[in-house]
Amino acid sequence: MKRLVYIIPLIVLLGVVGASIVQMKSGKPANELPSVLINTPIPEFTLAPIKGRDQGFSTADLKGQVTLVNLFGSWCFACLTEHPFLMRVKEQNLVPIFGLDWREKDPDAGPEWLAKWGDPYTRIGDDPKSKGAISLGVTGAPESFIIDKKGIIRYKQIGPITPEVWDETLWPIIQKLKQEQG
Amino acid sequence: MKKLFLAFMVMFVALSLNGQASAIEPDEILADPALEMRAREVSKQLRCVVCQNQSIDDSNAELARDMRLLVRDRMLAGDSNQNVLDYMVDRYGDYVLLEPPLKASTMLLWYGPFILIVLGLIGVVFYYRKQPKGAQPGSEASAELSSEERAKLKSVLSDNNTDSGNNQ
């Protein structure tokens, strides 16, 4: 009985190591925060158009259809990795994508980036002071939100949208939401 | 020597009172000093979500700066301190508060350390109560083994030998 007491620290240690391994194997970064906004209406904000455009982006634009809200910036390397995929989503007309051009230091940078790589967005709002980003509880770019027909946030994707993420997670959710009554 | 020590202490206290340099930049400061004070107070309670262990008041991160500006914007628009904190919690969750609120889900976080101290104290009390009086090492009573203890020791030692034999 007494000897059992001495192996308790070892058991605790193994428990901690085991939990860490499970966490690592799950592939989710430990510092990823679950969004408190899931299943709540998207917080209202209105953003001005980016330079050279006349349409900005307001959350009121989203109602009535399933949409993907995507936060990007010309400075954001990971955004460029998902960009070709967003172009494909647009070409195949899968879901309208609304963009937040986040924290551009130079107002020309966003439009130039889009001219170079293509523009997959239905509407884009300029978000130099993070008003939209903070409204959405964003911590880094890229982040994407699936919004249902009622304007409720149903899913948050942190990091780039890869074909795997799209096929396994985002597209099934979007298809399901499209079936729902608006 | 004593004077030097005293001087160090005064310096240390002065630094710790005033030491946390804020990351706030001159162009962010509000014209109304009372409002600015409130903004500073709220900023100190909000976590910089990209640095994780700094308040937005301390952090040089761009997002922290934008959050500081938003805190001030909302205050200018008439929000109370609590309104601003609620606004951030609605979007980032309790995580954005440097001091987690006391709720059912955070009970263990708040009371866990005290529970551990109490458990530890109970353990210590039990440990010392079990030791017979006068059995402290070095006292006369423990210096020599009785024949009964000798027999016990012998059996324990032989027990250990067979144990290690089994383990191999």
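Shown above is the structure to which this text applies.
Chains are numbered independently. Their residues run from 1 in the order of the written sequence. Here every chain gets a letter starting at A, and every ligand a number starting at 1, in the order they are written. Under the rules for a predicted model, residues below a pLDDT of 70 receive no local features and side-chain atom pairs below 80 are neither given nor counted, while totals for whole chains, interfaces and linings still include all residues.

Enquirer: So what about the overall build of chain A? Which residues, and what values?
Expert: Regarding its fold elements, chain A presents 5 helices and 7 strands. Secondary structure is summarised from DSSP: a helix means a run of H or I of at least four residues, a strand means a run of E of at least two, and numbering begins at the N terminus for each. The N-to-C order of helical and strand elements in chain A reads α-β-β-β-α-β-α-β-α-β-β-α. Here chain A has a C-alpha radius of gyration of 20 Å; the compact-globule value for 182 residues is 16 Å, and the former is much larger. In terms of its C-alpha atoms, chain A occupies a principal-axis envelope of roughly 80 × 40 × 30 Å. Counting only residues that meet the buried cut, chain A has 35% of its 182 residues in that class. For every residue pair, C-beta atoms are placed from the backbone, and the pair is scored as a contact if these atoms sit within 7 Å. For chain A, the share of sequence-separated contacts (at least 6 apart) that also reach a separation of at least 24 residues comes to 76%. The globule rule used here is 2.2 Å times the number of residues to the 0.38 power, and the radius of gyration it is set against is calculated over C-alpha atoms. Note on burial: count the other C-beta atoms lying within 10 Å of the residue's C-beta; 20 or more is buried, 12 or fewer is exposed, in between is partly exposed, and C-beta positions come from the backbone.

Enquirer: Give a description of helix α3 (residues 109-117) of chain A that names residues and reports values.
Expert: Residue and element names in this part refer to chain A. If you check which residues of α3 are buried, you get G110, P111, W113 and L114. In an axial view of α3, the angular spread of the buried residues amounts to 160 degrees, which keeps them on one side of the axis. Seen from the buried face of α3, the exposed residues on the opposite side, beyond 90 degrees, are A115 and K116. By construction, the arc corresponds to the directions joining the helix axis to the C-beta atoms.

Enquirer: How would you summarise the nonpolar core if you had to cite specific residues and measurements?
Expert: The term nonpolar core refers to a set of buried Ala, Val, Leu, Ile, Met, Phe, Trp, Tyr and Cys residues connected through C-beta atoms within 7 Å. Of all hydrophobic cores here, the largest spans 49 residues; its most connected members are L71, I97, A133, I146 and I147 of chain A together with M67 of chain B. Looking at which element gives the most residues to this core, the answer is helix α3 (residues 62-76) of chain B, with 5 residues. Discounting residues that sit within four places of it in the chain, L71 of chain A has contacts with L100, W102, A133, V138, A141, P142 and E143 of chain A.

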